[in-house]
Amino acid sequence: NSYRLIGFGYNGASNTQSPAYIGYKEISSSGNTYGDLIFGTRSVTTDTEPTERMRILSTGEVGIGTTTPNVPLEANGKIRSTRSGTATQYIQADGGDTVAGYLTFVNTAANGKPLYIENAEQTSASGGFAGGIQFRAGLLGSLTTKMTVDVTGSVGIGDTTPASLFTVGSGDLFQVNSSGAIA
């Protein structure tokens, strides 16, 4: 497995590393060979080797922030798709090891109404971690939870802790149990 790189940027007599590169990583040298297309940059002004930022595998998968994508497009970290215009709109997925995963739909207009869907962190009856889903809406900067689906499948509209299978209103004002009876 060898690399063939084309370096870009300043590379003075005392420098050994180009600040950016595009290259080819050979995966197999038998026959007519095959390999991956790679892209690297550095974010410092010292003479250090660039970090690989993107890779296109010989099979066509694209990895951003990962060298081993398993699907047609895989990104390591927060991703965002933006539409520019009078009011920027975007879809963003984020989350991590210590925070819940979430998906945000945003319109940045003055009266934009974002939608926020979160894999909420809840504590289960046994005291362990259990995830539910929260749907939040409102004006930018003031999102509130409008609907919750907890880990048991109970749905709360205007209620973040539904006491029955289906609950409407804060304080469980209207409830339908699993038998369909209104409580």
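Please read these numbers as outputs of a predicted model, since none were measured by experiment.

Student: I tried to follow the overall build of the protein on my own but got confused; where do I start?
Tutor: Looking only at helices and strands, the protein features zero helices and 15 strands. By residue count, 25% of the 183 residues in the protein fall in the buried class. Here the protein displays about 11500 Å² of accessible surface, and carbon together with sulfur accounts for 56% of that area.

Student: Quick question: what am I supposed to make of the environment of Met147 here?
Tutor: Looking at the secondary structure, you find Met147 in strand β12 (residues 144-149). What makes Met147 partly exposed here is its relative accessible area of 27%. Residues Met147 and Val168, 21 residues apart in the sequence, show an inter-C-alpha distance of 9.2 Å.

Student: Looking at this structure, I do not really get the sheet that holds strand β4 (residues 51-56). What am I missing?
Tutor: Strands belonging to one sheet form pairs held by backbone hydrogen bonds; the direction of such a pair is parallel or antiparallel. The strand order across the open sheet formed by six strands is β1-β2-β3-β4-β5-β6, and the pairing between neighbours is mixed. Two strands in the sheet have a free side with no partner beyond their single neighbour: β1 (3-8) and β6 (73-75). Ignoring strand direction, the axes of neighbouring strands in this sheet form an average angle of 20°.

Student: I tried to follow a nonpolar patch on the surface on my own but got confused; where do I start?
Tutor: Together, Ile6, Phe8, Ile22 and Leu37 give the surface a local cluster of nonpolar side chains, amounting to about 340 Å² of exposed area. Within the secondary structure layout, Phe8 lies in strand β1.

Rules behind the numbers
- Residues numbered from 1 in each chain as written.
- Predicted model: local features only at pLDDT ≥ 70, side-chain atom pairs only at ≥ 80, totals over all residues.
- Heavy atoms only, no water.
- Helix = DSSP H or I, 4+ residues; strand = E, 2+ residues; numbered from the N terminus.
- Buried < 20%, exposed > 50% of the residue type's maximum accessible area, 1.4 Å probe, protein only.
- Areas by Shrake-Rupley, 256 points an atom, 1.4 Å probe, with all protein chains shown as cover.
- Pairing = 2+ DSSP bridges.
- Axes fitted to C-alpha atoms, helices over the stretch in contact; angles between N-to-C directions.
- Patch = residues over 30% accessible without salt bridge, like charges linked within 9 Å, V, L, I, M, F, W, Y side chains within 5 Å.
- Salt bridge = Lys/Arg side-chain N within 4 Å of Asp/Glu carboxyl O.

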